[in-house]
Amino acid sequence: MPPKQFTITKRIAKHGSQAIIVVPKILEEQLRPGTLTQITIEIIGE
């Protein structure tokens with residue numbers, strides 16, 4: 001079975017002093033704890 005692939009465009013959020021990326025709730029079922037993922041970050045603007 002080929003890997004599932006999703007493309008999302010997100011603005012970086014702030015959590016205390018850290019920058020974070022919030023994953024959409026619609027992907028919660030696909031991205032359970034322990035799921036192995038590959039993440040590539042492309043900066044498209046500021």
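Our structure's up above, just so we're on the same page.
Everything quoted here is computed from the prediction, not taken from an experiment.

Peer 1: Lay out the overall build of the chain with the relevant residues and their values.
Peer 2: Of regular secondary structure, the chain possesses zero helices and two strands. Its C-alpha atoms put the chain at 40 × 25 × 15 Å along the principal axes. Each of the 46 residues in the chain was classed as buried or not, and the buried ones make up 2%. Per element, the accessible surface of the chain, about 5100 Å² overall, is 56% carbon and sulfur. The positive charge centre, built from 6 side chains, and the negative charge centre, built from 4, are 5 Å apart in the chain.

Peer 1: Please give an account of the environment of Gln5 that cites residues and values.
Peer 2: You can see Gln5 is positioned in the segment before strand 1 (13–15). In this structure, the C-alpha to C-alpha distance between Gln5 and Ile43, residues 38 residues apart in sequence, is 19 Å.

Peer 1: So, the environment of Lys25: which residues are in play, and what are the values?
Peer 2: As for its position among the elements, Lys25 is in the segment after strand 2 (18–20). For Lys25, a relative accessible area of 67% gives the class exposed. The spatial distance from the C-alpha of Lys25 to the C-alpha of Gly45 is 24 Å, given a sequence separation of 20 residues.

Peer 1: Please give an account of the environment of Glu46 that cites residues and values.
Peer 2: Assignment of secondary structure puts Glu46 in the segment after strand 2. Taking relative accessible area as the criterion, Glu46 reaches 98% and is therefore assigned exposed.

Peer 1: Can you lay out the pattern of salt bridges for me, pointing to particular residues and giving the numbers?
Peer 2: Applying the stated criterion to the full structure yields two salt bridges. Two residues, Lys25 and Glu28, come together in a salt bridge whose shortest N-O distance is 3.0 Å. For Glu28, a relative accessible area of 48% corresponds to the partly exposed category. One salt bridge connects Glu29 with Arg32, and the closest N-O pair in it is separated by 3.5 Å.

Peer 1: Give a description of a nonpolar patch on the surface that names residues and reports values.
Peer 2: A surface patch of nonpolar side chains, about 570 Å² in accessible area, is lined by Ile12, Ile21, Ile39, Ile41 and Ile43. Secondary-structure assignment places Ile41 in the segment after strand 2.

So, how was this worked out
Residues numbered from 1 in each chain as written. Predicted model: local features only at pLDDT ≥ 70, side-chain atom pairs only at ≥ 80, totals over all residues. Heavy atoms only, no water. Helix = DSSP H or I, 4+ residues; strand = E, 2+ residues; numbered from the N terminus. Buried < 20%, exposed > 50% of the residue type's maximum accessible area, 1.4 Å probe, protein only. Areas by Shrake-Rupley, 256 points an atom, 1.4 Å probe, with all protein chains shown as cover. Lys, Arg positive; Asp, Glu negative; His and termini not counted. Charge placed at Lys NZ, Arg CZ, Asp CG, Glu CD. Salt bridge = Lys/Arg side-chain N within 4 Å of Asp/Glu carboxyl O. Patch = residues over 30% accessible without salt bridge, like charges linked within 9 Å, V, L, I, M, F, W, Y side chains within 5 Å.

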